Amino acid sequence: MQPPPAKPLVEVLSGIRQPVPPLWMMRQAGRYLPEYREVRARAGGFLDLCFTPELAAEVTLQPIRRFNFDAAIIFSDILVIPYALRRSVRFEIGEGPRLDPLDTPDKVGTLSSSGDFAKLEPVFEALRRVRRELDPNIALIGFCGAPWTVATYMVAGQGTPDQAPARMMAYRHPEAFAKIIDTIVETSITYLLGQLKAGADVLQIFDTWAGVLPPREFRRWSVEPTKRIVEGVRAKVPDAKIIGFPRGAGALLPGYVEATGVDAVGIDWTAEPSLIRDKVQNSVAVQGNLDPLALIAGGDALDRAIDDVLANYAQGRLIFNLGHGIRPETPIAHIEQMVKRVRAYRG
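Owing to the predicted nature of the structure, the values given are computational and were not obtained by experimental measurement.

Participant: Would you mind showing me how to read unusual backbone geometry here?
Facilitator: Negative phi is the rule for most residues except glycine; trans is the rule for most peptide bonds. That bond from glycine 288 to asparagine 289 is cis: its omega, -15 degrees, falls within 30 degrees of zero. One can find asparagine 289 in strand β8 (residues 285-290).

Participant: Teacher, can you tell me more about the pattern of salt bridges here?
Facilitator: Side chains carrying opposite charge are able to pair once their charged atoms draw close together. According to the stated counting rule, one finds 18 salt bridges in the structure shown. Taking the shortest distance from any N to any O, the salt bridge between arginine 343 and aspartate 70 comes out at 3.1 Å. Remark: aspartate 70 occurs in the loop between α4 (53-67) and β1 (71-73) and arginine 343 occurs in helix α16 (residues 332-343); sequence separation between them is 273 residues. Close ionic contact of arginine 228 with aspartate 182 constitutes a salt bridge, the shortest N to O distance being 3.0 Å. With arginine 228 in helix α11 (residues 215-236) and aspartate 182 in helix α10 (residues 174-197), the pair connects residues that are 46 residues apart, well separated along the chain. By relative accessible area, which is 35% here, aspartate 182 ends up partly exposed. If you follow the salt bridges from partner to partner, you end up with Glu121, Glu125, Arg128 and Arg129 in one network.

Participant: Got a minute to help me understand the packing of aromatic side chains in this structure?
Facilitator: Aromatic ring pairs are defined here through the distance separating the ring centres and the angle between the ring planes. Within this structure, the stated rule accounts for 11 aromatic pairs. Between tryptophan 148 and phenylalanine 177, the ring centres sit 5.7 Å apart and the planes meet at 65 degrees, which makes this aromatic pair edge-to-face. In this pair, tryptophan 148 is assigned in helix α8 (residues 147-156) and phenylalanine 177 in helix α10, connecting sequence segments 29 residues apart. Neither residue differs from the other here; tryptophan 148 and phenylalanine 177 are each classed as buried.

Participant: Looking at this structure, I do not really get helix α2 (residues 34-43). What am I missing?
Facilitator: Among the residues of α2, Tyr36, Val39 and Ala43 are the ones counted as buried. For α2, the angular spread of buried residues about the axis comes to 70 degrees, placing them on one side. Residues of α2 that are exposed and angled more than 90 degrees away from the buried face: Ala41 and Arg42. Tucked inside the fold, the buried residues of α2 contact α3 (46-50) and α4.

Participant: Where do I start with the side chain of threonine 187 in this structure?
Facilitator: With respect to the helices and strands, the residue threonine 187 is situated in helix α10. Accessibility expressed as a relative area gives 2% for threonine 187, which makes it buried. When residues no more than four places from it in sequence are discounted, the contact partners of threonine 187 are Ile81, Leu85, Gly115 and Phe117.

Participant: Please explain helix α9 (residues 164-172) as it appears in this structure.
Facilitator: Given 3.6 residues per helical turn, the α-helix brings residues three or four places apart onto the same face. Listing the buried residues of α9 in full gives Ala166, Met169 and Ala170. Viewed along the axis of α9, the buried residues span an arc of 100 degrees, placing them on a single side of the element.

Participant: Where do I start with the sheet that holds strand β7 (residues 264-266) in this structure?
Facilitator: Note on sheets: strands pair through backbone hydrogen bonds, and any given pair is parallel or antiparallel. Reading across from one edge, β1-β4-β5-β6-β7-β8-β9 is the order of the seven strands in this open sheet, with parallel pairing throughout. Strands with a single pairing partner mark the edges of an open sheet, and in this sheet they are β1 and β9 (318-322). Here the average twist between neighbouring strands, direction ignored, is 25 degrees. Here β1 runs beside strand β4 (residues 139-145); their pairing, made up of three bridges, is parallel.

Participant: When you look at the nonpolar core in this model, what are you seeing that I'm missing?
Facilitator: Note that soluble globular proteins tend to have their nonpolar side chains buried in a common cluster. Grouped together as the largest cluster of nonpolar side chains are 132 residues, with contacts concentrated most on Phe177, Ile180, Leu290, Phe320, Ile335 and Met338. Phenylalanine 320 has contacts with Pro21, Pro22, Leu23, Trp24, Gly288, Leu290, Ile306, Val309, Leu310, Met338 and Val342, leaving out every residue within four places of it along the chain.

Participant: Where do I start with empty space enclosed by the protein in this structure?
Facilitator: Rolled over the atoms, a probe as big as a water molecule pinpoints where empty space is left. Evaluated as defined, the whole model comprises one cavity of 30 Å³ or more. Here the largest cavity defines a volume of roughly 30 Å³. Per-class residue counts for the lining of the largest cavity are six nonpolar, three polar and two charged.

Participant: Please clarify how the pairing of strand β2 (residues 89-92) should be interpreted in this entry.
Facilitator: Along any regular strand the residues' side chains alternate between the sheet's two faces. Two elements, β2 and strand β3 (residues 96-99), share four bridges in a ladder whose sense is antiparallel. Across the sheet, the residue bridging to glutamate 92 is glycine 96, located in β3. The hairpin turn running from β2 into β3, its antiparallel successor, is three residues long, and glycine 94 in that turn takes a positive phi close to 80 degrees.

Conventions used here
Residues numbered from 1 in each chain as written. Predicted model: local features only at pLDDT ≥ 70, side-chain atom pairs only at ≥ 80, totals over all residues. Heavy atoms only, no water. Helix = DSSP H or I, 4+ residues; strand = E, 2+ residues; numbered from the N terminus. Salt bridge = Lys/Arg side-chain N within 4 Å of Asp/Glu carboxyl O. Buried < 20%, exposed > 50% of the residue type's maximum accessible area, 1.4 Å probe, protein only. Phe/Tyr/Trp six-rings, centres within 6.5 Å; stacked < 30°, edge-to-face > 60°. Arc of directions from axis to C-beta. Contact = heavy atoms within 4.5 Å. Pairing = 2+ DSSP bridges. Axes fitted to C-alpha atoms, helices over the stretch in contact; angles between N-to-C directions. Core = buried A, V, L, I, M, F, W, Y, C linked by side-chain atoms within 4.5 Å. 1 Å grid on protein atoms, 1.4 Å probe; cavity = no way out; pocket = protein on both sides within 12 Å on 5 of 7 lines; lining within 4 Å. Points joined across faces, edges and corners; volume = space filled by probe spheres on them. Nonpolar A, V, L, I, M, F, W, Y, C, P; charged D, E, K, R; others polar.

Here you go:
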């Protein structure tokens, strides 16, 4: 019987450095692609696109067809978790997500203690469809939002510049805030296990707002809940491959890696290379960290930025990615330039 084809991204997460770093982009299924915009217009609302398996699978595969990335990430959103917890979740055009805020302890008391996973079955079906169509050398990534980041939207009812409403609730009402976090942790474990069962090879936990927390709160509200998710998933799937992305964590990254047990950590473009090499990449793979604005700039500036990432990290285990999601105005030719340059690397 033939062994399954090697997936370069999974190999890196398993401890095997690749001479050419595997490459994908956060938000790679999205608004910078004309074919995505066409499907999005057809779908109606954003959540309709997330929860229509054939359309979610189609937009997941679009960037793979164009760029032959080493991973596809399922098209969904971190706020499907509050949706499964029976909260109202809607996306206003030009405004972003809107939820019914859980901004007092009394309102937190109305939160369901368990998720309705039938609501998330379309995500699992989209994963199954993508897995059937995806080249066996290409990894399929499932994901969730980290409890801290998801909670910031649930408390405020929307995104805010520094997520002050959730930070304030965590200070003033830590028991109520902990209930939100605990509920998200348990729901996320079940959701991620469902994604693995549906065909995901790798999981990513996005903590987009980790960088607004002071060190003590970072440990309590970012690190500890992420650690519980990793442990909960691995209790059922011991070899589950998990990437953490605590954006903006900076000097707190080594402690995050050690405490959570993730296989790789995403780094943003402000990361200090020597710190990452000496204190992070010596124990886990790193993923990142091209500035999305360099990708928009293109030309020699883009080449220099790509070469910097490779020079800083490609001698160790690296998954080449952006330091955050690709922006809608990014020219497709610049992505082609990036792919060609990374794929020409031999180290």
